[in-house]
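# Results of the structural survey
Here are the chains, one letter per residue:
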Amino acid sequence: MIAITINFFWIEDFMNKKHILDIILFLVILFVLIAGSSYIIKPKDYDTYDLSVVKLKTKALEKEEENTIDVVFAGNSESCYTFSPLQLWGDYGITSYDTGSGAQRLCDTYSILIETFKRQSPKIVFLEMDSAFEEYPGVYKDDNEFDNTVEKIFPIFHYHSAYNGIQLPQFILKYTNNRQNETLYKGYQLRDTIDGFYDEPYVYGKDNNALNIEAEEYLAKIKGLCEENKCELILVSAPSAMSWNEEKYDAVNEWAKSNSVKYYDLNKDNEKVGIDWT
């Protein structure tokens with residue numbers, strides 16, 4: 001009876017040790033997989049907020065012949081739904097590409113422009129300024145140091161949407177969303193729905209109406225990048241009834257004057273733009 005009891009405890013002790021070893025082995029394998037995946041997906045030249053957007057745009061730009069783009073449009077949805085390179089080519093014979101995307105942050109704009117300048121030599125970059133007021137302006141979370149540390153050690157947790165950057169075959173894309181024709185339209189996202197706006201335009205906007213530190217930091221980086229590549233940076237605000245307002249205009253206008261950058265607010269002179277909001 002005593003021998004059986006001793007053997008039982010020995011077996012139990014062995015199983016516990018084996019269980020611990022299994023856990024340790026699992027953690028080691030998990031660490032290697034996470035570290036390896038992080039190394040594979042982390043961009044070598046820059047930090048981004050939304051890697052999927054950066055990859056989609058840069059992969060699309062790689063399909064363009066080198067040094068064939070004279071003008072680049074950049075920014076958030078106010079850019080990609082506003083500036084049509086095909087119309088610009090048809091009306092004026094100017095080659096351009098729209099690198100804008102929904103809710104694009106300035107850090108991602110900067111990353112896309114780094115890649116753009118590797119193969120293109122545009123004369124002008126038009127930066128749509130609503131992107132400077134996105135609610136998540138920075139690359140990392142300002143209020144969570146623990147998350148930032150983990151994401152810097154294991155970038156895969158920061159670039160969790162990286163799989164979205166995989167380019168699907170064209171025969172699949174044509175059955176998906178409005179990105180299907182982005183390459184055809186040179187980055188422009190065509191929308192053919194029309195809804196009348198009957199309120200007073202240009203008096204709304206998001207709560208954030210001032211340029212924060214991160215926005216000014218990346219504006220300076222974008223300006224410097226353009227100067228390095230002998231390209232003029234021009235700031236622009238697309239006509240927008242609900243996302244723009246006087247306070248945002250003042251903030252951008254002040255930065256533009258302080259940094260000797262041209263700025264055009266297309267909300268300011270609606271007679272020239274010719275939009276009937278209704």
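The model shown is predicted, which means the values in this text are computed figures rather than measured ones. (Residues numbered from 1 in each chain as written. Predicted model: local features only at pLDDT ≥ 70, side-chain atom pairs only at ≥ 80, totals over all residues. Heavy atoms only, no water.)

### Concerning the nonpolar core
For soluble globular proteins, the rule of thumb is that nonpolar side chains tend to be buried together. Convention followed: Here, nonpolar core refers to any group of buried Ala, Val, Leu, Ile, Met, Phe, Trp, Tyr and Cys residues whose side-chain atoms link them within 4.5 Å. Residue burial is assigned from relative accessible area. The probe radius is 1.4 Å, only protein chains are included, and a residue is buried under 20% of its type maximum, exposed over 50%, and partly exposed in between. Helical segments are the DSSP runs of H or I of at least four residues, strand segments are the runs of E of at least two, and each set is numbered from the N terminus. By definition, residues are in contact when any of their heavy atoms lie within 4.5 Å.
Counting 39 residues, the largest nonpolar core has L127 and L235 as its most contacted members. Taken together, the elements giving at least two residues each to this core come down to α2 (51-61), β1 (71-74), α5 (106-119), β3 (124-128), α9 (213-228), β4 (232-237) and α10 (246-258). In terms of residues, this core owes the most to one element, α5, which gives seven residues. Other than its neighbours up to four places away in sequence, L235 contacts L127, M129, V252, W255, A256, V261, K262, Y263 and Y264. V71, F73, L88 and V236 belong to the second largest nonpolar core, which has six residues in total.

### Considering unusual backbone geometry
Even without a glycine there, the phi angle at K186 is positive, about 60°. By the element assignment, K186 lies in the loop between α8 (170-173) and α9. Given a relative accessible area of 26%, K186 falls into the partly exposed group. Of note, the phi angle at K230 is positive, near 50°, even though the residue is not glycine. When you line up the elements, K230 lands in the loop between α9 and β4.

### Some details on the packing of α2 against α5
Stated precisely, the cut-off is as follows: The axes used here are C-alpha line fits, helices contributing only the stretch in contact, and every angle between their N-to-C directions lies in the interval 0 to 180 degrees. Orientation labels follow simple angle bins: below 35 degrees gives roughly parallel, above 145 gives roughly antiparallel, 65 to 115 gives roughly perpendicular, and whatever is left gives oblique. Should the near helix be turned counterclockwise from the far one by less than a right angle, the crossing is left-handed, whereas a clockwise turn marks it as right-handed.
Axis separation between α2 and α5 bottoms out at 10 Å; the angle between their running directions is 20°. Classed by the angle they form, the pair α2 and α5 counts as roughly parallel. Of the two possible hands of crossing, α2 and α5 adopt the one that is right-handed. Within the contact between the two elements, α2 uses V53, V54, K57, T58 and L61 and α5 uses D108, S111, I112, E115, T116 and R119.

### Considerations on α10
Worth spelling out the cut-off: Here the expected span of a helix is defined as 1.5 Å times the quantity of residues minus one. Any pair of N or O atoms that falls within 3.5 Å is considered a polar contact. Within protein, one atom must be able to donate a hydrogen and the other to accept it, and sequence-neighbouring residues count only if both atoms are side-chain atoms.
Taking 1.5 Å of rise per residue, the 13 residues of α10 would be expected to cover 18 Å, and the 18 Å separating its terminal C-alpha atoms lies within 8% of that figure. Among all positions of α10, only K248, Y249, A251, V252, N253, W255 and A256 are buried. Contact partners of the buried residues in α10: α9, β4 and β5 (262-265). Sitting at the amino-terminal end of α10 is N245, which places a side-chain oxygen 3.2 Å from the backbone nitrogen of E247. A positive phi of about 55° marks S260, the residue just after α10.

### So, a negative patch on the surface
Test applied: A residue counts toward a patch only above 30% relative accessible area and without a salt bridge, and it is joined to like-charged neighbours within 9 Å or, for Val, Leu, Ile, Met, Phe, Trp and Tyr, to nonpolar neighbours within 5 Å. Exposure was quantified through the Shrake-Rupley algorithm and a 1.4 Å probe, taking into account, for residues, occlusion by the shown protein chains and nothing else. Counted as salt bridges are all cases of a side-chain nitrogen of Lys or Arg within 4 Å of a carboxyl oxygen of Asp or Glu. Note that His is not counted, nor are the chain ends; the positive residues are Lys and Arg, and the negative ones are Asp and Glu. All charge positions are set by atom: Lys at NZ, Arg at CZ, Asp at CG, Glu at CD.
A contiguous patch of negative charge, built from E216, E247, D250 and E254, is present on the exposed surface. In terms of residue count, α10 provides more of the negative patch than any other element does, three residues in total. Within the secondary structure, E247 is located in helix α10. Among the residues examined, E247 registers a relative accessible area of 45% and is labelled partly exposed.

Bear in mind that shape data such as this cannot, by itself, settle questions of function.
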